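# Geometric and topological summary
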Amino acid sequence: MAGGAFVSEGGGGGRSYEGGVTPFVIITCIVAAMGGLLFGYDLGISGGVTSMEEFLSKFFPQVESQMKKAKHDTAYCKFDNQMLQLFTSSLYLAALVASFAASVITRKYGRKVSMFIGGLAFLVGALFNAFAINVSMLIIGRLLLGVGVGFANQSTPVYLSEMAPAKIRGALNIGFQMAITIGILMANLINYGTSKMAQHGWRVSLGLAAVPAVVMVIGSFVLPDTPNSMLERGKHEEAKQMLKKIRGAENVDHEFQDLCDACEAAKKVEHPWKNIMRSKYRPALIFCSAIPFFQQITGINVIMFYAPVLFKTLGFGDDAALMSAVITGVVNMLSTIVSIYAADRYGRRFLFLEGGIQMFICQLLVGSFIGAKFGTTGTGTLTPATADWILAFICVYVAGFAWSWGPLGWLVPSEICPLEIRPAGQAINVSVNMFFTFLIGQFFLTMLCHMKFGLFYFFASMVAIMTVFIYFLLPETKGVPIEEMGRVWKQHWFWKKYIPDDAIIGGHEDISAKPV
């Protein structure tokens, strides 16, 4: 609690610092986490819009023709169109490029500036899409939305990790994922409502993306900067005062000194992109690359931004497809609440492993149900009972992702990088995430057309591989202060060979976090 009580960070996971959890830091992190609304709203809105017939007839008449005239005799190929997929995926390609620019701006000018640029770009992109009269305007709008997502996803998780005390860093950082799930659910509900409109429902759906953008822009003005960011720019006294404020204690000398030591080490690094390739940062580089790759190869975004299209492909009616997307959105949001409680109680490894097993089983079951009904020809119909079972297993799959790989895919990379490589590490995390999101968005419908129900087996095999990867290579990072993460790697059976003794801040190695 606030008031200067001496608290242990994460039950002995690292050094103990003065102070505790203050209302100020909780409110600050909640406001900052709203940056996730940008990403979430777009994930949810695009699939619903691309399933609306008015939208398809205006911009993608050939897709509407495929559906109505049954040009393809297989259900798997109803929506197989590269331009339609480009509408969804172009955003993530822009986000990939923007994340690299955001890493430089985040380090030089602070996390708040990146959050402001992200919100502003997203706002302009939303207006382009709402008033689009041709495919070119749609794509330009999507590219601007991508710039917004790239900046927001690069800066917000770093901001949250730096503001939060280590003992509740997982819960507060997962607020970012919670905002993503709220954005997805809002988008699904809006799509369901606008689909009832006589005309221009798709414009309303796309235009309302301006709402989370405005929240992001306003938040960037009212939020304080992090002590880490202030130190990077030479504002030592302001940084110490801010640390006192967010910790609710006057004596923050130990924690402030650790931050100063980390900042001084960071200043000696002239080329963070070259530096992250050094041996002692090998674990951070590997996980900032592997975790976002695995997060996307679970197939989750197939459900998130193609849910209505997928459900229509499987024979759900228009309303049923959109309502099924709403149901998965509700499951996604509620399950993320579980992770807020569990990440700092049971640890990151447990959630990764449990979620992986759960997703693996559900992908196999969904693929088997679809294969039994549609086979390799894509002809057949779903009985109501079978449709309910498929929806149920998809919901269980979404729940497994939402309390494991969803939030932890952003939390872990943001908390394992020392200050001197943090912007570069987060840029790699975002860019890898966006690149594979782009690939999934661009080619999923084509993959479904060619791989048929076997596509779900493909995703299941990827989930199995990444679960084994986590089991053997990821140590527990729960409750460990960010600037002392080197001690965790030093005790790990595999990574210790890459970590020199002088890479450990303070020279302490007797931490109680139990790495594998």
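All of these numbers come straight from a predicted model, not from anything done at the bench. (Residues numbered from 1 in each chain as written. Predicted model: local features only at pLDDT ≥ 70, side-chain atom pairs only at ≥ 80, totals over all residues. Heavy atoms only, no water.)

### Some thoughts on unusual backbone geometry
In this structure, His-200 takes a positive phi of about 65° despite not being glycine. You can see His-200 is positioned in the loop between helix H8 (169-194) and helix H9 (201-207). Relative accessible area serves as the criterion here: at 36%, His-200 is assigned to the partly exposed category. Backbone geometry at Lys-452 places phi at a positive 60°, although glycine is not the residue there. Inspection of the secondary structure assignment puts Lys-452 in the loop between helix H21 (422-451) and helix H22 (454-473). (Helix = DSSP H or I, 4+ residues; strand = E, 2+ residues; numbered from the N terminus. Buried < 20%, exposed > 50% of the residue type's maximum accessible area, 1.4 Å probe, protein only.)

### Structural notes on the nonpolar core
Most often, soluble globular proteins have nonpolar side chains that are buried together. Grouped together as the largest cluster of nonpolar side chains are 142 residues, with contacts concentrated most on Phe-55, Phe-287, Trp-405 and Met-434. Looking at which element gives the most residues to this core, the answer is H21, with 11 residues. (Core = buried A, V, L, I, M, F, W, Y, C linked by side-chain atoms within 4.5 Å.)

### Quick look at the environment of Met-34
Residue placement: Met-34 occurs in the loop between helix H1 (23-33) and helix H2 (36-49). The partly exposed category is assigned to Met-34, whose relative accessible area is 24%. Those residues in contact with Met-34 that sit more than four places away from it in its chain are Ala-179 and Val-215. (Contact = heavy atoms within 4.5 Å.)

### Description of H8
Taking 1.5 Å of rise per residue, the 26 residues of H8 would be expected to cover 38 Å, and the 38 Å separating its terminal C-alpha atoms lies within 8% of that figure. Within H8, the axis deviates most sharply at Phe-176, by approximately 30°. Counting buried positions along H8 yields 20 of 26 residues, so the element is predominantly enclosed. (Expected span 1.5 Å × (residues − 1). Bend = angle between axes of the 7 residues up to and from the residue.)

### Regarding the pattern of salt bridges
A full pass over the atoms with the stated rule returns nine salt bridges. Measuring nitrogen to oxygen at the nearest pair gives 2.2 Å for the salt bridge that ties Asp-225 to Arg-233. Between Glu-255 and Arg-247 there is a salt bridge; the shortest N-O distance is 3.0 Å. Pair check on accessibility: Glu-255 and Arg-247 agree, each one buried. A single salt-bridge network, built from bridges that share partners, covers Arg-111, Glu-162 and Glu-232. (Salt bridge = Lys/Arg side-chain N within 4 Å of Asp/Glu carboxyl O.)

### A short note on the packing of helix H7 (residues 135-163) against H21
Running from N to C, H7 and H21 point in directions that differ by 135°, and their axes come no closer than 9 Å. Between H7 and H21, the crossing angle belongs to the class labelled oblique. Judged by the sense of rotation from one axis to the other, the crossing of H7 with H21 is right-handed. Between H7 and H21, the residues in contact are Val-149, Gly-150, Asn-153, Gln-154, Pro-157, Val-158 and Glu-162 and Arg-422, Pro-423, Gln-426, Ala-427, Val-430 and Met-434, respectively. Looking at the contact of H7 with H21 residue by residue, the classes come out as seven nonpolar, four polar and two charged. (Axes fitted to C-alpha atoms, helices over the stretch in contact; angles between N-to-C directions. Parallel < 35°, antiparallel > 145°, perpendicular 65-115°, else oblique. Left-handed = near helix turned anticlockwise from the far one by under 90°. Nonpolar A, V, L, I, M, F, W, Y, C, P; charged D, E, K, R; others polar.)

### Details of the confidence of the model for the chain
A low pLDDT means the predicted coordinates there should not be read in detail. Per-residue confidence for the chain gives a mean pLDDT of 82, with 89% of residues at or over 70. When pLDDT is averaged over each element of the chain, H22 comes out on top at 95 and strand S1 (residues 6-7) at the bottom at 26. Predicted confidence for residues 1-14 stays below pLDDT 50, and this span has 45 contacts to residues more than four positions away or in other chains. Low confidence marks residues 505-516, where pLDDT is under 50. Its contacts with residues over four positions away, or in another chain, come to 37 contacts. (pLDDT = per-residue confidence, 0-100.)

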